[in-house]
Amino acid sequence: MRKILDRVSLVILAFTVIVATGCASLSGPNATIRPAPFGTTPDGRQVTVYTLQNDCGMQARILDYGGIIQSIRVPDKLGHAGDVVLGYDDLGDYMTNSLYFGALIGRYGNRIAKGRFELDGATYQLPINDGPNSLHGGTNGFDKLIWSVDRAGITPQGPELQLRCVSPDGDNGYPGRLAVTATYTLLAHKNELRLHFRATTDKDTVINLTAHSYFNLAGRGEIHGEVLTIPAGSLTPVDDTLIPTGDLEAVDGTPFDFRKPTAIGARIREDDQQLKYCHGYDLNWVIDKPPGQYGLMARVHDPTSGRVLEVWSDQPGVQFYSGNFLNGSMTGKGGWVYQFRDALSLEPQHYPDSPNHPNFPSTVLKPGQVYQNTIVYHFGVQ
Ligand code: GLA
């Protein structure tokens, strides 16, 4: 019964936000998409930034390098637009020192233990780039590619950018030639950015694409005061290298129960082995919904600005990461020095290391199948 009531209150919350961003006073249609040069790689390739603008005061800037969401500007409760994601002003910083700021992640989001997995009797070895493990697709993942631009234009829904890449057989150790499109749509009449992935392969492979924006709804400072809701009754606990043990653990009575809105900082310093392994929050929550069903993954409310972010997806899990590797060594847009816990990530995904855990939902993609994955960032005020 309590579960049902919790669900009902989440739906009511979601409805409130949607109403709050109805964008009734449309001045439009002014929705636009504009390309501009963003820089040149050391080997002479041009990188372009696409600015997508809607009729409700939301703007997103997206690079063809790494499919990076370089900025998202949305109004606060007073109607003042501000940038709510971390990132850089310069391409060079993204290339050398990025921690995946805003990037597309592939072929496999999060960690694969010792960079190794078996598929159809063969063992595959991936690059090791995170302690003993492989993280976010390896050393040259999708975050470091210049994607081709299929389309940049206005659709009936709003401005849209479609990026494409072909990852050759054996790329970063993964089998199969993988063809991927990533389509970003900024809704014209709603403050919502939608990202849709589609992929096919010519050999059996594993795939787990996601997006890695670092959010700070206040536009500055530590995120401990931001209030988080995750509709998940369990998570996948990890070992000291952040690889899932294979168990699903109930969140009841732990600092990981975010079924009721809770400030991120409220329990982050508790004496808990998982919090210690992760130096804060950095785990995969198992969302309470049938696999493949589209639904709310997480909701964040910043009481100071009033901004609300809802992340929706059809993925089975969400990695909530509380910016524990930010350490003051990076200076981002507008000179903001990114300190410990200055942002949070919410990455809809399949569970980390799924290829090594037959009890987790499968991440195998076969020839003839079409991989699809939708991630939506919906903004409002409260
Ligand atoms: C994910 C991981 C974190 C960290 C970030 C990138 O969120 O779970 O441990 O590696 O990516 O820095």
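Residues numbered from 1 in each chain as written. Predicted model: local features only at pLDDT ≥ 70, side-chain atom pairs only at ≥ 80, totals over all residues. Heavy atoms only, no water.

Q: Before we move on, could you go through the side chain of His 357 and cite the residues and values that matter?
A: With respect to the helices and strands, the residue His 357 is situated in the loop between strand 28 (344-349) and strand 29 (364-365). For His 357, the side chain forms a polar contact with the side chain of Asp 353, separated by 3.1 Å. Excluding residues within four positions of it along the chain, His 357 makes contact with Pro 244, Thr 245, Gly 246 and Pro 352. (Helix = DSSP H or I, 4+ residues; strand = E, 2+ residues; numbered from the N terminus. Polar contact = N/O pair within 3.5 Å; in protein donor to acceptor, adjacent residues only side chain to side chain. Contact = heavy atoms within 4.5 Å.)

Q: Mind laying out the sheet that holds strand 25 (residues 317-321), listing which residues take part and the relevant values?
A: Here we have 6 strands laid out as an open sheet, ordered 17-28-25-22-19-20, and antiparallel in their pairing. Because the sheet does not close on itself, it has two edges, and the strands there are strand 17 (214-215) and strand 20 (249-250). (Pairing = 2+ DSSP bridges.)

Q: Describe in detail the packing of aromatic side chains, supporting the description with residues and values.
A: On inspection of all chains with the given rule, the structure shows 23 aromatic pairs. Ring centres of Phe 142 and Trp 147 lie 5.7 Å apart, and the angle between their planes is 85°; this geometry places the pair in the edge-to-face category. Classification of Phe 142 as buried rests on a relative accessible area of 3%. Residue class for Trp 147 comes out buried when judged on its relative accessible area of 2%. Taking the centre distance of 5.2 Å and the plane angle of 70° together, the rings of Phe 215 and Tyr 377 count as edge-to-face. Within this pair, whereas Phe 215 is found in strand 17, its partner Tyr 377 is found in strand 30 (residues 371-381), the two being separated by 162 residues in sequence. (Phe/Tyr/Trp six-rings, centres within 6.5 Å; stacked < 30°, edge-to-face > 60°. Buried < 20%, exposed > 50% of the residue type's maximum accessible area, 1.4 Å probe, protein only.)

Q: If you had to explain the pairing of strand 19 (residues 232-236) to someone new, which residues and values would you point to?
A: With respect to burial, strand 19 is a largely interior element, 5 of its 5 residues being buried. As paired strands, strand 19 and strand 22 (residues 282-287) are joined by 4 bridges and run antiparallel to one another. By the bridge assignment, Leu 235 is partnered in strand 22 with Trp 285. As defined by bridge partners, strand 19 adjoins strand 20 across 2 bridges and the pair is classed as antiparallel. Each bridged residue has a counterpart across the sheet, and for Leu 235 the counterpart in strand 20 is Glu 249.

Q: Any chance you could break down the site of the ligand for me, citing the residues and the numbers?
A: Taken together, the neighbourhood of the ligand is formed by 13 residues, with Arg 111, His 136, His 212, Asp 282 and Glu 347 sitting nearest. Contact distances for the ligand include 2.9 Å between an oxygen atom and a side-chain N or O atom of Asn 110. His 136 is positioned such that a nitrogen or oxygen atom in its side chain is 2.8 Å from an oxygen atom of the ligand. Considered class by class, the residues forming the shell around the ligand number 6 nonpolar, 4 polar and 3 charged. (Near = heavy atom within 4 Å. Nonpolar A, V, L, I, M, F, W, Y, C, P; charged D, E, K, R; others polar.)

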